[in-house]
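Examining the three-dimensional arrangement
If you want the building blocks of each chain, they are given just below.
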Amino acid sequence: GGNNAGHTVVVDGKEYDFHLFPSGIINPKAISFIGNGVVIHLPGLFEEAEKNEKKGLKDWEKRLIISDRAHIVFDFHQAVDGLQEVQRQAQEGKNIGTTKKGIGPTYSSKAARTGLRICDLLSDFDEFSSRFKNLAQQYKSMFPTLEIDIEGQLKKLKGYAEKIRPMVRDGVYFMYEALHGSPKKILVEGANAALLDIDFGTYPFVTSSNCTIGGVCTGLGVPPQHVGDVYGVVKAYTTRVGIGAFPTEQINEIGDLLQSRGHEWGVTTGRKRRCGWLDLVILKYAHMINGFTALALTKLDILDVLDEIKIGVAYKLGGKRIPYFPANQEILQKVEVEYETMPGWKTDTTGARKWEDLPPKAQNYIRCVENHVGVPVKWVGVGKSRESMIQLF
């Protein structure tokens, strides 16, 4: 995606918020690569750099590579994102709940083949300028209230072009060399979750890109044969930010407890995340698409205080179990969730560092998830820090 998603990373007690930067940027030994599937808001990139430099991030520009095929998010894309949300609210009584970071409009430009890429910015600037003006003009005719300082923006873009030039490479060749050169570990980080995927998510309340496994191939230029292990990252309960169907949502004290104990706020927008019981129908659906080889179950410690814990194991329509995850939002709103109820462990798990440290009831909860989904849990998270992680195998 773009800087619509946020990842909070805690290292040595320092908390970083990443939006465009890959989380690996903290590691001085790792090369970070922003692929062609990402849409890049250049002012956002440098603003993020500045914020994280203040937290001690050094020499990031020596470790960051940017694909020349990535599309550029312009300020007017962001303005249009806001205007479109206002329009949706007025016309339909509800919006999508975008982050107003210009992501949807940029992917729209990309699909309409009017978008501009990093390689265009770094090539002939006159040619770039005229295409930029055409695109701006198109948006102005669609949104009469939109004001665009064309010359001012072009001047800024020219400045950014020189700042990023040393970092930009042909991404396809870069990935090819990485995959075929000396053996190395390559970790791909996706943003957003399976249910926000443009094809497989709870459409229309989704993002505009493929954030499921296919995005690895199309977003980086990695052939499918090179995709190795696929790790699903899932909380011990379910959350959603913005609107859209959410069958296991708890609009009660349980939901409030998960929200407050889990500090469930959107990293990009600061919106409260909606919370509910773990939905295994969704997790199984994500597994159907992604083919997980292992799961990381995070935030188990948030459940430490509960007397009993429920797990959503199936959906019913008209009293009958359905084996699939409904595509249609109206139908999804109508499903009835079948729950399994388990006793809570009522024990602080934040100090647990190995499987044996977990109370038996917590172990049962984890095994229950594994059995239903048919994928082993490889990691269990019991806190924010890197140390708060139990590796099972």
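Residues numbered from 1 in each chain as written. Predicted model: local features only at pLDDT ≥ 70, side-chain atom pairs only at ≥ 80, totals over all residues. Heavy atoms only, no water.

**Digging into the domain arrangement of the chain**
Per the domain assignment, the segments making up the chain are domain 1 (1–186) and domain 2 (228–389). Taken together, the two surfaces of domain 1 and domain 2 that pack against each other cover about 920 Å², and 56% of this comes from carbon and sulfur. The partner of Lys384 in a salt bridge is Glu15, and the shortest N-O contact between them spans 2.8 Å. Across the domain 1-domain 2 interface, the total number found is 2 residue pairs in polar contact (both at pLDDT 80 or more). (Domains from an automatic or database assignment. Buried area = accessible area lost by both parts, 1.4 Å probe. Salt bridge = Lys/Arg side-chain N within 4 Å of Asp/Glu carboxyl O. Polar contact = N/O pair within 3.5 Å; in protein donor to acceptor, adjacent residues only side chain to side chain.)

**Some words on the sheet that holds strand 7 (residues 168–169)**
Pairing is parallel across the open sheet formed by 3 strands, whose spatial order is 3-5-7. This sheet does not close on itself; its edge strands, each paired only once, are strand 3 (32–34) and strand 7. Where strand 3 and strand 5 (residues 64–67) come together, 3 bridges link them in parallel fashion. Paired with Phe33 across the bridge in strand 5 is Ile65. Packed onto the sheet, helix 8 (residues 171–180) meets strand 3, strand 5 and strand 7 and runs at close to 145 degrees relative to strand 3. (Pairing = 2+ DSSP bridges. Helix = DSSP H or I, 4+ residues; strand = E, 2+ residues; numbered from the N terminus. Contact = heavy atoms within 4.5 Å. Axes fitted to C-alpha atoms, helices over the stretch in contact; angles between N-to-C directions.)

**What to know about the pairing of strand 1 (residues 7–11)**
Pairing between strand 1 and strand 2 (residues 14–18): 5 bridges, direction antiparallel. Along strand 2, the bridge assignment pairs Val9 with Tyr16. Counting the residues between successive antiparallel strands, the hairpin from strand 1 to strand 2 contains 2 residues, one of them, Asp12, with a positive phi of roughly 50 degrees.

**Describing the packing of helix 11 (residues 280–290) against helix 13 (residues 360–373)**
One can describe the packing of helix 11 onto helix 13 by two numbers: an axis separation of 10 Å at closest approach and a directional angle of 50 degrees. On the basis of the axis angle, helix 11 is oblique to helix 13. Of the two possible hands of crossing, helix 11 and helix 13 adopt the one that is right-handed. Two secondary-structure elements touch here, helix 11 through Leu280, Leu283, Lys284 and His287 and helix 13 through Val369, His372 and Val373. Grouping the constituent residues of the contact of helix 11 with helix 13 by class yields 4 nonpolar, 2 polar and 1 charged. (Parallel < 35°, antiparallel > 145°, perpendicular 65-115°, else oblique. Left-handed = near helix turned anticlockwise from the far one by under 90°. Nonpolar A, V, L, I, M, F, W, Y, C, P; charged D, E, K, R; others polar.)

**Notes on the environment of His226**
Assignment of secondary structure puts His226 in the loop between helix 9 (214–220) and strand 8 (231–235). Accessibility expressed as a relative area gives 28% for His226, which makes it partly exposed. When the C-alpha atoms of His226 and Phe132 are compared, they prove to be 37 Å apart, with 94 residues separating the residues in sequence. In this structure His226 touches Leu179 and His180, once residues within four positions along its chain are discounted. (Buried < 20%, exposed > 50% of the residue type's maximum accessible area, 1.4 Å probe, protein only.)

**Focus on the environment of Leu280**
Within the secondary structure, Leu280 is located in helix 11. Judged by relative accessible area, which is 0%, Leu280 ranks as buried. Taking the C-alpha atoms as reference, Leu280 lies 36 Å from Asn52; in sequence the two are 228 residues apart. Apart from residues lying up to four places away in sequence, Leu280 is in contact with Ile311, Gly312, Val313, Val369, His372 and Val373.

**Comments concerning the sheet that holds strand 17 (residues 389–391)**
Pairing in this open sheet of 4 strands is mixed, and the strands run 8-12-16-17 from one edge to the other. In this open sheet, the two strands that pair with only one neighbour each are strand 8 and strand 17. Taking the axes of each pair of neighbouring strands and ignoring which way they run, one obtains an average angle of 20 degrees across the sheet. With 3 bridges joining them, strand 16 (residues 377–381) and strand 17 adopt antiparallel strand pairing.

**Remarks on the side chain of Thr106**
Among the secondary structure elements, Thr106 is positioned in helix 4 (residues 103–111). Excluding anything up to four places from it in sequence, Thr106 contacts Val39, His71, Ile72, Val73 and His77.

**Focus: unusual backbone geometry**
Omega for the peptide link from Tyr203 to Pro204 comes to 5 degrees, which places this bond in the cis form. Structurally, the position occupied by Pro204 is in the loop between helix 8 and helix 9. Residue His263 is not a glycine yet carries a positive backbone phi of 45 degrees. Take His263: it is sitting in the loop between helix 10 (253–261) and strand 10 (274–276). A residue is classified by how much of its surface remains accessible, and His263, at 54% relative accessible area, is exposed. You will see that Lys299, though not glycine, has its phi angle at about 60 degrees, which is positive. Take Lys299: it is sitting in the loop between strand 12 (294–298) and strand 13 (308–317). The exposure class assigned to Lys299 is partly exposed, which follows from its relative accessible area of 22%.

**Notes on the nonpolar core**
Residues Leu300, Leu303, Tyr315, Leu358 and Tyr365 are the most contacted members of the largest nonpolar core, which totals 51 residues. Of all the elements in the fold, those that place two or more residues in this core are helix 10, helix 11, strand 12, strand 13, strand 15 (336–343), helix 13 and strand 16. The greatest single-element share of this core, amounting to 7 residues, is contributed by helix 11. Those residues in contact with Leu303 that sit more than four places away from it in its chain are Ala236, Tyr237, Leu258, Ile309, Trp345 and Tyr365. Listed in part, the 45 residues of the second largest apolar core include Ile40, Leu122, Tyr139 and Tyr160. (Core = buried A, V, L, I, M, F, W, Y, C linked by side-chain atoms within 4.5 Å.)

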